[in-house]
Amino acid sequence: MEEKLNKVLEAFTKDLEGANDLAELENLRIKYLGKKGEVTSLKKSIAKLPKEEKPKAGKLINQTSSKIEESLAKKNEEIKAILLEKKVKEETIDVTAHFDKYESGHFAVINQTMEELESIFQNMGFDVIEGPEVDTVKYVFDDLNSPKDHPARSTSDTFYINEDVLLRPHTSSMQIRVMKEGKLPIRMVSAGRVFRNDEVDQTHSPMFHQLECLVVDEKVSMANLKATLETFIKEMFGEDMNLRYRPHHFPFTEPSLEVDVTCPVCKGEGCSSCGNTGWSMELLGGGMVHPKVLEACGIDSEKYTGFAFGLGVDRIAMVKYGLDDIRLLYDNDKRFIEQF
Ligand code: FA5
């Protein structure tokens, strides 16, 4: 029996050397220790041995089985280690390999301009506040002293949601909201989207942006309005920018004015883009707050005066960046957007 077992062990050792993967190991286990395996067959043959030889043969067979099992287990670990090493090598990340570049977005020009404007006014001591895009006829027209037959009230100019509620066509309703809070003095700006039934052209869009400015205090005068406008325009565009004031009419300011600045293309010399006037398109409207508006908001117009203006943020961006068409701001053409 001992001799037979030694031969089995010898054969197993040879087989084991040639085994290179886990499947081959399993085949070896079946070949030697399986139900019909060589060691198992010898075990079965014990029954035929003389009684006195049985214990020794049993012991030898068990020892052989254990040796085979141990060797299989050891080889199993070795093969697993080799496989793991191979896997790690194959899965190494090549940090120099090319991969698609991810582009991150940024604020649109309009939002950049709005933030720049707000920060200029903030530095001048103004509060920056936000307001609703959907507002009421009362705040947008009635309290702003707009006559019932004012053309801006018509449905052909303004987008109504119902009789009393509309998409604000200007940010001036924010004057009313702030004044009605009753905290004086007031120094505020409020920027955001506004909506008008305007035909699209080079300088008009049905959805655009305004920044409203309101100051109410004792002894506020037209000189304060001019000084504020001049400080902000020069801060935004540079010292060599001039302002042109033109008389105008708004129901909520008296007197009222409109403002243009030096043509950004020809610097005032006169060119085709400014129609040889040397001035930009109209940038803003403003004036001294009408006493009737102050009174509608519960402010004593004998004691307090104020100025207000509303500027077109889109047009400010056009002047700042030399854009000849407002549609560039809304077309989302990457060639344009990526320049900012
Ligand atoms: C107003 O909207 C007044 N609420 C401004 C105001 C405020 C006056 C406070 C007095 C006191 P106006 O309709 O002119 O005014 O518009 C103001 C600015 O918005 C214009 O100067 C222009 O820069 C811009 N704007 C007007 N319509 C459009 C449009 N369709 N597309 C782009 N910008 C526009």
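This text follows the structure it describes.
Now for a look at the structure at hand. (Residues numbered from 1 in each chain as written. Predicted model: local features only at pLDDT ≥ 70, side-chain atom pairs only at ≥ 80, totals over all residues. Heavy atoms only, no water.)

## Observations regarding the overall build of the chain
Within the chain, the regular secondary structure consists of 11 helices and 9 strands. For the chain, whose C-alpha radius of gyration is 44 Å, the value lies well above the compact-globule estimate of 20 Å for 340 residues. Its C-alpha atoms put the chain at 130 × 45 × 40 Å along the principal axes. Classification of the 340 residues of the chain by burial places 40% in the buried group. Once local pairs closer than 6 in sequence are excluded, the contacts in the chain between residues at least 24 apart make up 66%. When the accessible area of the chain is evaluated, it comes to approximately 20,000 Å², of which 51% is carbon and sulfur surface. Side-chain charges of the chain comprise 45 positive and 59 negative groups, with the mean position of each set lying 15 Å from the other. (Helix = DSSP H or I, 4+ residues; strand = E, 2+ residues; numbered from the N terminus. Rg over C-alpha atoms; globule rule 2.2 N^0.38 Å. Buried < 20%, exposed > 50% of the residue type's maximum accessible area, 1.4 Å probe, protein only. Contact = heavy atoms within 4.5 Å. Areas by Shrake-Rupley, 256 points an atom, 1.4 Å probe, with all protein chains shown as cover. Lys, Arg positive; Asp, Glu negative; His and termini not counted. Charge placed at Lys NZ, Arg CZ, Asp CG, Glu CD.)

## Focus: the packing of helix α8 (residues 222-237) against helix α10 (residues 313-321)
Between α8 and α10, the shortest axis-to-axis distance is 10 Å and the interhelical angle comes to 50°. Relative to α10, α8 is oriented oblique. Between α8, through Phe232, Met236 and Phe237, and α10, the contact on the second element is made entirely by Ile316, Val319 and Lys320. (Axes fitted to C-alpha atoms, helices over the stretch in contact; angles between N-to-C directions. Parallel < 35°, antiparallel > 145°, perpendicular 65-115°, else oblique.)

## Here's the deal with the sheet that holds strand β4 (residues 186-195)
Across the sheet, 7 strands lie side by side as β1-β4-β5-β9-β8-β7-β6; this open sheet has mixed pairing. Two strands close off the open sheet at either side, each with one partner strand: β1 (127-128) and β6 (243-250). Along the sheet, helix α5 (residues 109-123) contacts β1, β4, β5 (207-218) and β9 (304-312); its crossing angle with β5, the most-contacted strand, is approximately 10°. (Pairing = 2+ DSSP bridges.)

## Comments concerning the nonpolar core
Considering soluble globular proteins, one finds that nonpolar side chains tend to be buried as a cluster. With 31 residues, the main nonpolar core has Phe232, Phe309 and Leu311 as its most contacted residues. Counting residues per element, the ones that place at least two in this core are α5, β4, β5, α8, β7 (253-261), β8 (284-289), β9 and α10. Aside from chain neighbours lying at most four places away, what touches Phe232 is Leu117, Ile120, Phe121, Met124, Leu311 and Ile316. With 19 residues, the next largest nonpolar core counts Val8, Ala19, Tyr32 and Val39 among its residues. (Core = buried A, V, L, I, M, F, W, Y, C linked by side-chain atoms within 4.5 Å.)

## Here we look at the side chain of His209
In this structure, His209 sits in strand β5. Here the side chain of His209 touches Tyr330 through a polar contact of 3.2 Å, side chain to side chain. Residues contacting His209, with those up to four places away along its chain left out, are Ile110, Met114, Gly192, Arg193, Val194, Leu311, Gly312, Val313, Asp314 and Tyr330. (Polar contact = N/O pair within 3.5 Å; in protein donor to acceptor, adjacent residues only side chain to side chain.)

## Observations concerning the pattern of salt bridges
Enumeration according to the criterion identifies 18 salt bridges in this entry. A salt bridge links Arg177 to Asp135, with the shortest nitrogen-to-oxygen separation between them at 2.8 Å. In this pair, Arg177 is assigned in helix α7 (residues 173-181) and Asp135 in strand β2 (residues 134-136), connecting sequence segments 42 residues apart. The buried category is assigned to Asp135, whose relative accessible area is 1%. Where Asp143 meets Lys138, a salt bridge forms, and the shortest distance between an N and an O atom there is 3.1 Å. Each member of the salt-bridge network shares a partner with another, and the members are Arg244, Arg246, Glu258 and Asp260. (Salt bridge = Lys/Arg side-chain N within 4 Å of Asp/Glu carboxyl O.)

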